[in-house]
Amino acid sequence: MTESLLQVAYKAIDDKRAEDIVVLNMQNISLLADYFIICHGNSDRQIQAIAREVQEKAYEQGFDVKRVEGFDSARWVLVDLGDVVVHIFHKDERVFYNLERLWGDAPQLDAPTIEL
């Protein structure tokens, strides 16, 4: 079930042309989620469109959206889907926070095929 949620979220992100999509396997590393998806957009509107698409596609497939943070400011939007947490950054914010480095011990999954 987590794998299908991951694929739904990834496809929604990719459909809205998010850039530099990274999927981190957080199992055995963090209690927050099994997977983090990190990506960025180049405008507030694009970031909000990506976040909306993730929520809509999750709902369509019967998944719950637990929480959305940062949507209005659109600098770093977090979409909590439970086992999958999506981080959608504005390009400049992504460089500043550098979650990939922060969670550097988490294995990255190959995208876009996402082999689980």
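A brief structural summary. (Residues numbered from 1 in each chain as written. Predicted model: local features only at pLDDT ≥ 70, side-chain atom pairs only at ≥ 80, totals over all residues. Heavy atoms only, no water.)

**Some thoughts on the overall build of the protein chain**
Link 1 in the chain: Broken down by element type, the protein chain carries four helices and six strands.
Link 2 in the chain: Secondary structure elements of the protein chain occur, N-terminal to C-terminal, as α-β-β-α-β-β-β-α-α-β.
Link 3 in the chain: By the compact-globule yardstick of 13 Å for 116 residues, the protein chain fits well, its C-alpha radius of gyration being 13 Å.
Link 4 in the chain: When each of the 116 residues of the protein chain is scored for burial, the buried share is 46%.
Link 5 in the chain: Considering only intrachain contacts with a sequence separation of at least 6, the fraction spanning at least 24 residues in the protein chain is 59%.
Link 6 in the chain: Roughly 6500 Å² of accessible area belongs to the protein chain as shown, and the carbon and sulfur atoms make up 45% of that amount.
Link 7 in the chain: The centroid of the 12 positive side-chain charges in the protein chain is displaced by 6 Å from the centroid of its 21 negative side-chain charges. (Helix = DSSP H or I, 4+ residues; strand = E, 2+ residues; numbered from the N terminus. Rg over C-alpha atoms; globule rule 2.2 N^0.38 Å. Buried < 20%, exposed > 50% of the residue type's maximum accessible area, 1.4 Å probe, protein only. Contact = heavy atoms within 4.5 Å. Areas by Shrake-Rupley, 256 points an atom, 1.4 Å probe, with all protein chains shown as cover. Lys, Arg positive; Asp, Glu negative; His and termini not counted. Charge placed at Lys NZ, Arg CZ, Asp CG, Glu CD.)

**With respect to the sheet that holds strand S5 (residues 84-90)**
Link 1 in the chain: On the basis of which strands lie adjacent, the open sheet formed by six strands has the order S3-S4-S5-S2-S1-S6 and mixed pairing. With one partner strand each, in any of the chains shown, strand S3 (67-69) and strand S6 (108-109) form the two edges of the open sheet.
Link 2 in the chain: The strands touched by helix H1 (residues 2-15) within the sheet are strand S1 (19-25), strand S2 (35-41), S5 and S6, with S2 carrying the most contacts at an inclination of about 5 degrees.
Link 3 in the chain: Here helix H2 (residues 44-60) sits on the sheet and contacts S2, S3, strand S4 (76-80) and S5; the angle it forms with S5, its principal contact strand, is near 165 degrees. (Pairing = 2+ DSSP bridges. Axes fitted to C-alpha atoms, helices over the stretch in contact; angles between N-to-C directions.)

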